[in-house]
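# Inside the fold
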Amino acid sequence: MTYFVLLSDVHHEHVSNSSGCLCGADFCSTVSTCFEHNIEKPSDQIRFILTGICVCIGIASVLLRKEKEILLLLPASFHIGMVQGFYTGDFTKAFIACAWGTYHVGLVTVLYGTVCGVSSFCCGCLVKKIGRIPVFFAAHLVNVAACLFLLFWSPSAEEPDMFFAAAGMWGIYVGALWSQLRAFYGVLFKVDEEAAFAAFHVWYSLGFTLSFAYSNYFCTYAHVYAIIQELLSTPLHICHLHFYTCNCPNVLPEMWQ
């Protein structure tokens with residue numbers, strides 16, 4: 001719907017970058033000449049206040065939940081927030097809007113959301129057959145490939161299929177990690193699900209908020225490198241949790257299946 005609404009006010013099919021605004025991983029500018037329309041943004045003071053509140057709540061959740069299992073899961077919760085924040089705040093702006101037009105954001109995001117749903121369903125079936133660890137690592141490999149693709153791809157309105165391909169790869173990872181991480185919380189903390197899911201959403205929101213907070217202060221490639229760095233550390237926490245819980249007699253044996 002957003003595609004057709006925005007398209008009705010567009011007079012040129014393709015966006016020209018003659019102003020010198022670079023799109024894709026080299027996108028650094030936030031000036032209005034990069035887009036058809038300039039969108040009013042909240043003040044820095046409001047951003048800092050919201051980020052500070054989220055950080056305080058996150059610290060409180062750690063103090064309230066000191067179990068080793070949840071401490072090992074918090075980085076992954078933070079990471080999925082960063083990943084979704086990158087798509088919402090950076091990919092749609094630096095790739096789709098900058099190179100193909102703001103009115104295409106909704107169209108590409110439809111595919112992204114669809115792939116997220118399909119990925120979640122497929123991963124649920126795969127976990128029953130091959131376990132969680134292979135699914136987690138396969139999803140991380142897909143996201144590494146997506147990050148490398150974004151770093152070397154120069155988006156152009158002449159190649160519309162590439163926008164859908166990039167969004168689809170991102171959707172595969174988000175759908176897999178989002179569904180399986182939440183399921184993992186449910187299996188680990190059956191006795192205290194409310195507090196566990198509260199901690200998950202706090203740290204997810206913190207990652208999402210932080211992704212938006214520094215969006216206009218760094219070039220897009222710096223954001224991609226930050227996600228790659230997190231991709232290297234998140235599997236280590238999950239593997240550590242795997243070996244820890246496998247040696248813990250109080251953990252259900254089917255949690256990794």
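Residues numbered from 1 in each chain as written. Predicted model: local features only at pLDDT ≥ 70, side-chain atom pairs only at ≥ 80, totals over all residues. Heavy atoms only, no water.

- Looking up the protein in an unreviewed UniProt entry gives the name UNC93-like protein, with the organism given as Caerostris extrusa.
- Per UniProt, the comment on the protein under Sequence similarities (unreviewed entry) is "Belongs to the unc-93 family." (UniProt positions renumbered as here; feature names shortened; annotations may be inferred.)

### A look at the packing of aromatic side chains
- The final tally for this structure, using the stated rule, is 20 aromatic pairs.
- For the ring pair W178 and Y204, a centre distance of 5.0 Å and an interplane angle of 65 degrees mean the geometry is edge-to-face. Of this pair, W178 sits in helix α6 (residues 160–188) while Y204 sits in helix α7 (residues 193–213), and the two are 26 residues apart along the sequence.
- Judged by its relative accessible area of 24%, W178 is partly exposed.
- On the accessibility criterion, Y204 (14% relative accessible area) is buried.
- A centroid spacing of 5.2 Å and a plane angle of 45 degrees characterise the contact between F208 and F212, whose relative ring orientation is tilted. Here the residue F208 and the residue F212 both occupy positions in helix α7, the gap between them amounting to four residues, near one helical turn.
- Among the residues examined, F208 registers a relative accessible area of 24% and is labelled partly exposed.
- In this structure F212 comes out as partly exposed when scored by relative accessible area, which is 33%.
- An aromatic cluster of three or more residues is present, and its members are Y87, F91, F95, W100, Y112, F149, W153, F163 and F164. (Phe/Tyr/Trp six-rings, centres within 6.5 Å; stacked < 30°, edge-to-face > 60°. Helix = DSSP H or I, 4+ residues; strand = E, 2+ residues; numbered from the N terminus. Buried < 20%, exposed > 50% of the residue type's maximum accessible area, 1.4 Å probe, protein only.)

### Focus on the environment of Y217
- The residue Y217 is located in the loop between α7 and α8 (220–246) in this model.
- On the basis of relative accessible area, Y217 is assigned to the partly exposed category, the value being 46%.
- Distance in space between the C-alpha atoms of Y217 and C28 is 8.1 Å, their sequence separation being 189 residues.

### Focus: the UniProt feature "transmembrane region" (unreviewed entry) in the protein
- The feature "transmembrane region" (unreviewed entry), as given by UniProt, occupies residues 45–63, 70–87, 107–127, 134–156 and 162–181 in the numbering adopted here.
- Secondary structure content for residues 134–156 is 83% helix and 0% strand, while the C-alpha to C-alpha distance between its ends is 35 Å.

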